[in-house]
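Results of the structural survey
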Amino acid sequence: MHLKKLTLVVSLALAFNVNYVFAQDDTEEEGAELEDITVSGSGLKRANFDAIAPVVSISAEDIRRAPQTTLGDLLNELPQLRATFGLGNSGRFIGTAGGGFLDLRGLGTDRTLVLINGRRHVAGSEGSPAVDFNSIPTALVERIDIVTGANSAVYGADAVAGAINVILKDDMNGFIASGSVGQAEHGPFNRYSAALTGGFDFADNRGNAVMSVSYDKQDEMLVSDRGGRFLDFFGSIDNPLDGDTIDPDTGFQIDDGIPDNIIVPNAGFFVLSEPGIVLPFATGGIDFALNPDGSVSPINRDQFEFISDDGNRCGGVGCTPLDLDTFQQLQVPFERYSFDGNFTFELSDDLTLYSENRYSNIEASNQGQPSFDFFSLQVAPDNAFIDPSLADAIQGLPFLVGRFNTDLGLRLEDNQRQTYRSVLGLRGKFGGDWDYDIFANYGRTTSERINFNNRIDERFLAAVDSVSVTQDDIDNITTGGFLDPSIVAGDIACRASLQSALGETPVLSSGSPAPDFATQGCVPLNILGQGLASQEAIDFIMSTALGSSTIQQFQTQATIQNSDLFETWAGPVAGLLGVEYRQERSRTTGDSLSALGNTFFNALADTRGNFDVYEAFVETAVPLLKGVPGIEELTFEGAARFSDYSTIGETFTWETRLNWRPFANEDFRVRATYGEAVRAPNIGDLFAPAGENFANVADPCDFTNLDEGENGRDTRLRNCRALGIADPETFDSLDEQSIPLLQGGNPDLREEDGETLTVGIVWSPSFLDGLDFSVDYWDIRITDAISFTGAQTILNRCVDDPNGVDNQFCNLVDRDSVGNISELRNFPLNLNTFKSRGIDLGLSYLFNLGSAGTLESRVNGTFLDARTFNLAVEGNKDRDAGELGDAEFLINMNNTWIFGAWEVFNEIRFIDSQLLFDQGLLFGDELNNDPNPDISDMIRASDRVYIDIGASYNFNNGLTVQISADNLTDVKPPINLFGNGGGSGTFDNIGRFYNMRLDWAF
């Protein structure tokens, strides 16, 4: 642990007299009757906000001050969350643009449970329980609680890392109209928001209705919009001064301390270009760069490693680097319409009807690179589009082309997601002290995905292989085939179409038979240069991929509880009993062409599945001791849940909590929780259809591999015989060819188990009124984590098991009667162990400045001690703490000064430096026995400090005007990072951003 760094930050926080509270303090006047409330992390009602489980709260005021249009972007700045998906990096995967899926403690979005008022919310990602936080507008939010701990006993499955609970306003009188507009200093990037929120009483104040209508939008931002260093593309190249050698005895590298690679400007991608690079079969080491007009310039392959005096890589003629960063989005365009309508109605003094309703519509899009060909495209020497200079270069032989097909169109994706959620419930009292709550909760998310410029590969190959039609061809046409009947000698035609007209079998340039849809109507395509393809040819080879999904959730729950079941000498015992039923459904469909894998787009098969679960749960709080020396108060809390899934059967989860207040005259508490949570396999894990692929493997039962087993030759011999191989010592497997590989879901999965320990203190010292301090240690361990493994590992683990072949790996391998592998199945398995461990720090201080108003300062920090993935099937570890996206220390400091009608606020965020390489690769561990500490001259991304400031003025007529500047010092991401990747998403990529907001209460 970096104790010096931690001590420094604590000292700074104390010097600034700041704090962050984990649960709101109750501010009722002395003698006032306190209404029982429910604290996130527990279903029990209590008379104050004291939480035993660590809870970080974000208030409505915090949301109002922030310039972000989505809650997902706002929460991703918290130290407790890994910045997995935001509007700056949500376009990394198919169908995710505009999504906000939160990752508590870096254990994955599927292990973070999102709740609205303690109830589940329908997922936003098909086949997954992950909720799209961007579908939740900000206007009605009262606060957001982030709870760490084993919350499955309280809330059900998926709360392995913890839960994020959004508390909505439920009683309003009056309206607030809000609007904001923000503009980035760099580029044409703007954000807009507007909302009308309010409520009113009705039926003689027995009912209250709360409604909100909102609209939010942000523009697209590209790398080219930022200018400056964002346009100076950097790259890693081999260092010509490096002198590493290889130890002949061990085969390991001997490092000389000189960086193996260096980061230099303008070191782009050289093996592809937009006009194309030609690799002839005839010229050895001399290749050719295509010029835009189709002519060529010679380049030498050795020059690909040359560094010129100005630091540029490859100074040869025609060697123009390709800047892949040109095609990157920094922020996706985003637009959201939403409506919320909630109400409560007192049917009687002890019975209340309530309802929550939401509809949101999100549209977002992302821009991807164009299609490309890594010298997999073979062109015949009689191609009709060959320039004379290229003809001289290829010497009458076929050649390969490496090309980045920008002129054929960028790949673009539009996403539209609609989310509907409705809750209807009854709550009330009976028997004096008993509270009950019964509700039904239905949610549906539908999404439509459109992918433009999806290349149809077989049409592309047919169109590229174009030839000039001769008179002999015209004279020998027998059937007409798929050739244009108006064609004459000298015209250019697709070879496959011409072959069909000549009565021959049409063949693609790859050697495969040409299907009818690739031959009929084929338009010749010129890719030997840039911008030479006709629009008709582009239209022929491109298609639009379509996809849609529907996710549905139904939950019904009934609970009864009593805060005073009976009295002990230490106080009243509270108890809760509940039952729940939940059903989840998910279905995805796509166009048939993409599903068959006939395009450049991913082959996405249709998926559908469902499961349901019946549950019963209990929770109790038992005072153990009170008013004895050293124990002013000691309370035990426990929760347990029994579940019966239609997929995995029965599970049991539990949680224990302890709250100890040692002193009567000092608000000092020690709190601890320990419990077991579960994550049931989701629909995608279980029901994703098997798609065919191929794998290159080495059969461990081949006679040449018998000595490679981790448990020795004898184990492999015995297990290979059990698999039906008569004599493994002479068995020569047919593993030189690719093996059919099926990948999909696994219906035999079982649940993941998560164990969580938290221990902390909460202190509000009596000698310094207004100061609060919190520190909590948390340790989360997940076993039997659902994971994929490699094809080779499946084979090896099957035959290296000392207990025989009756194991989960051998069940994934089929062999024929001789013993050759006929099929492999790579399905998710309950394999690995995940760990995340750290310390949360909170400080808060409220200054009373007399006539100058009040100043509140808060600090919220996290030290990440460990984040480890124990790869069970490989027998080693992957340590993530300290690597990119997993900074060891994160801290937020907020200061708010209120004087009269003025409010001045600022936030300071610190992000620790992070390694850019795997720690095993750099320093060596179980994962890598051959470390390379001098792998690069840039091993770390340096730390970052972001400063936001703002001020608001509240006029007497209910109007509040607020202005702010985000990232005031215009801090950029580290070199070669853009804030739009999975790990680099923690960095701001917008730069200095100005925002103005108006709120009018009436």
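For the structure, see preceding data.
Figured I'd write up the structure that's included with this text. Being a predicted model, the structure only gives us computed values, none of them experimental. (Residues numbered from 1 in each chain as written. Predicted model: local features only at pLDDT ≥ 70, side-chain atom pairs only at ≥ 80, totals over all residues. Heavy atoms only, no water.)

A few points about the overall build of the protein chain
Across its full length, the protein chain carries 16 helices and 51 strands. Taking 1002 residues into account, the globule formula puts the C-alpha radius of gyration at 30 Å, and the protein chain, at 32 Å, falls close to it. Each of the three principal axes of the protein chain carries a C-alpha extent, and together these read 105 × 75 × 60 Å. The proportion of buried residues among the 1002 residues of the protein chain is 54%. For the protein chain, restricting intrachain contacts to residue pairs at least 6 apart in sequence, the fraction spanning at least 24 positions comes to 71%. Of the roughly 41100 Å² of accessible surface on the protein chain, 54% is carried by carbon and sulfur atoms. When the 66 basic and 148 acidic side-chain charges of the protein chain are each reduced to a single mean position, those positions are 5 Å apart. (Helix = DSSP H or I, 4+ residues; strand = E, 2+ residues; numbered from the N terminus. Rg over C-alpha atoms; globule rule 2.2 N^0.38 Å. Buried < 20%, exposed > 50% of the residue type's maximum accessible area, 1.4 Å probe, protein only. Contact = heavy atoms within 4.5 Å. Areas by Shrake-Rupley, 256 points an atom, 1.4 Å probe, with all protein chains shown as cover. Lys, Arg positive; Asp, Glu negative; His and termini not counted. Charge placed at Lys NZ, Arg CZ, Asp CG, Glu CD.)

Remarks on the pattern of salt bridges
A complete count under the given rule lists 44 salt bridges for this structure. For the salt bridge of Asp-800 with Arg-716, the shortest nitrogen-to-oxygen distance reads 2.7 Å. A residue pair is termed long-range when its members are at least 10 positions apart, and Asp-800 in the loop between helix H15 (791–799) and strand E40 (813–815) and Arg-716 in helix H14 (residues 713–722) qualify at 84 residues. A salt bridge links Arg-825 to Glu-823; the shortest N-O distance between them is 3.5 Å. According to the relative accessible area criterion, Glu-823 is partly exposed, its value standing at 23%. Bridged by salt links that share partners, the residues Asp-62, Arg-64, Arg-65, Arg-858 and Glu-903 form one connected network. (Salt bridge = Lys/Arg side-chain N within 4 Å of Asp/Glu carboxyl O.)

Let's talk about the nonpolar core
In terms of nonpolar packing, the biggest core is built from 36 residues, with Ile-58, Leu-71, Leu-75, Phe-133, Ile-144, Ile-146 and Ile-164 touching the most fellow members. Looking at this core, the elements with two or more residues in it are strand E3 (55–59), helix H3 (71–75), strand E6 (112–116), strand E8 (141–148), strand E9 (162–168), strand E39 (771–787) and strand E43 (854–871). Looking at this core, the element that brings in the most residues is E39, giving 4 residues. Discounting chain neighbours no more than four positions away, the residues touching Ile-164 are Leu-75, Leu-81, Leu-102, Thr-112, Leu-113, Val-114, Leu-115, Phe-133, Ile-144, Asp-145 and Ile-146. (Core = buried A, V, L, I, M, F, W, Y, C linked by side-chain atoms within 4.5 Å.)

What to know about a nonpolar patch on the surface
Nonpolar side chains collect at one region of the surface, where Phe-200, Met-211, Val-213, Phe-339, Tyr-359 and Tyr-420 lie side by side and expose about 490 Å² of accessible area between them. With respect to the helices and strands, the residue Tyr-359 is situated in strand E23 (residues 351–370). (Patch = residues over 30% accessible without salt bridge, like charges linked within 9 Å, V, L, I, M, F, W, Y side chains within 5 Å.)

Considerations on unusual backbone geometry
If you check the backbone angles, Phe-375 has positive phi at about 55° while not being a glycine. Here Phe-375 shows up in strand E24 (residues 372–379).

Comments concerning the state of the cysteines
With the rule as written, the count across this model stands at 3 disulfides. Across the disulfide, Cys-701 is cross-linked to Cys-720 (sulfur-sulfur distance 2.0 Å). Looking along the S-S bond of the Cys-701-Cys-720 disulfide, the torsion reads about -90°, which is the left-handed sense. Of this pair, Cys-701 sits in the loop between strand E36 (691–695) and H14 while Cys-720 sits in helix H14; the two residues are 19 residues apart in sequence, bridging distant segments of the chain. The pair Cys-701 / Cys-720 is uniform in exposure class, with both members buried. Each sulfur in the disulfide pair Cys-798 and Cys-810 lies 1.9 Å from the other. With the S-S dihedral at roughly 95°, the linkage between Cys-798 and Cys-810 falls on the right-handed side. Residue Cys-798 is found in helix H15, and its partner Cys-810 is found in the loop between H15 and E40; the two are separated by 12 residues along the sequence. (Disulfide = S-S within 2.5 Å.)

What to know about the sheet that holds strand E7 (residues 119–120)
Judged by pairing direction, the sheet is mixed, and its 5 strands sit side by side in the order E3-E8-E9-E6-E7 without closing on themselves. Edge positions in the sheet fall to E3 and E7, since each of these pairs with one other strand and no more. When E8 meets E9, the two strands line up antiparallel, connected through 7 bridges. Bridge pairing in E9 links Asp-145 to Asn-165. (Pairing = 2+ DSSP bridges.)

Describing empty space enclosed by the protein
Under the definition given, this model contains 8 cavities of 30 Å³ or more. In this model, the largest cavity occupies a volume close to 620 Å³. In terms of lining, the largest cavity is formed by 45 residues, of which the most central are Asn-76, Glu-77, Ala-83, Gly-985 and Thr-986. For the lining of the largest cavity, the secondary structure elements donating two or more residues are strand E4 (81–82), E43, strand E45 (889–899), strand E46 (902–911) and strand E49 (944–954). For the lining of the largest cavity, the residue count by class is 17 nonpolar, 17 polar and 11 charged. The space that makes up the second largest cavity amounts to roughly 370 Å³. Forming the walls of the second largest cavity are 26 residues, and the residues nearest its centre are Asp-62, Ala-66, Leu-74, Asn-894 and Glu-907. At the level of secondary structure, the elements contributing two or more residues to the lining of the second largest cavity comprise E3, helix H2 (60–65), E43, E45, E46, E49 and strand E50 (959–966). Sort the elements by how many residues they give to the lining of the second largest cavity and E45 lands first, with 4 residues. Residues of the lining of the second largest cavity, tallied by class, amount to 9 nonpolar, 10 polar and 7 charged. (1 Å grid on protein atoms, 1.4 Å probe; cavity = no way out; pocket = protein on both sides within 12 Å on 5 of 7 lines; lining within 4 Å. Points joined across faces, edges and corners; volume = space filled by probe spheres on them. Nonpolar A, V, L, I, M, F, W, Y, C, P; charged D, E, K, R; others polar.)

Focus: the pairing of E49
For E46 and E49, the ladder comprises 10 bridges, and the chain directions are antiparallel. Directly across from Val-904, in E49, lies its bridge partner Ala-951. Here E49 runs beside E50; their pairing, made up of 6 bridges, is antiparallel. By the bridge assignment, Ile-949 is partnered in E50 with Ala-965. Connecting E49 to the next strand, E50, in antiparallel fashion are 4 residues, including Gly-958 with a positive phi near 95°.

Quick notes on the environment of Gln-552
Tracing the sequence through the fold places Gln-552 in strand E30 (residues 542–568). Spatially, the C-alpha atoms of Gln-552 and Glu-584 are 5.9 Å apart, while their sequence positions differ by 32 residues. For Gln-552, the side chain forms a polar contact with the side chain of Tyr-442, separated by 2.7 Å. (Polar contact = N/O pair within 3.5 Å; in protein donor to acceptor, adjacent residues only side chain to side chain.)

Side note on the side chain of Ser-152
Inspection of the secondary structure puts Ser-152 in helix H4 (residues 152–155). Leave out the neighbours within four places in its chain, and Ser-152 touches Ala-157, Asp-158, Ala-159, Arg-641, Thr-653, Ala-677 and Val-678.

Examining the side chain of Asp-753
By the secondary structure assignment, Asp-753 is in strand E38 (residues 752–764). Not counting the four nearest positions on each side in its chain, Asp-753 is found in contact with Glu-676, Ala-677, Val-678, Arg-781, Ile-782, Thr-783 and Asp-784.

So, the pairing of E30
Looking at chain direction, strand E27 (residues 434–455) and E30 are connected through 20 bridges and run antiparallel. Counted as the bridge partner of Tyr-442 is Phe-554 from E30. The pairing of E30 with strand E31 (residues 571–590) spans 19 bridges and is antiparallel. For Thr-556, the partnering residue across the bridge sits in E31 and is Tyr-581. What sits between the antiparallel neighbours E30 and E31 is a turn of 2 residues.

Overview of H14
For H14, the complete set of buried residues consists of Thr-715, Arg-716, Leu-717, Asn-719 and Cys-720. On its buried face, H14 sits against H15.

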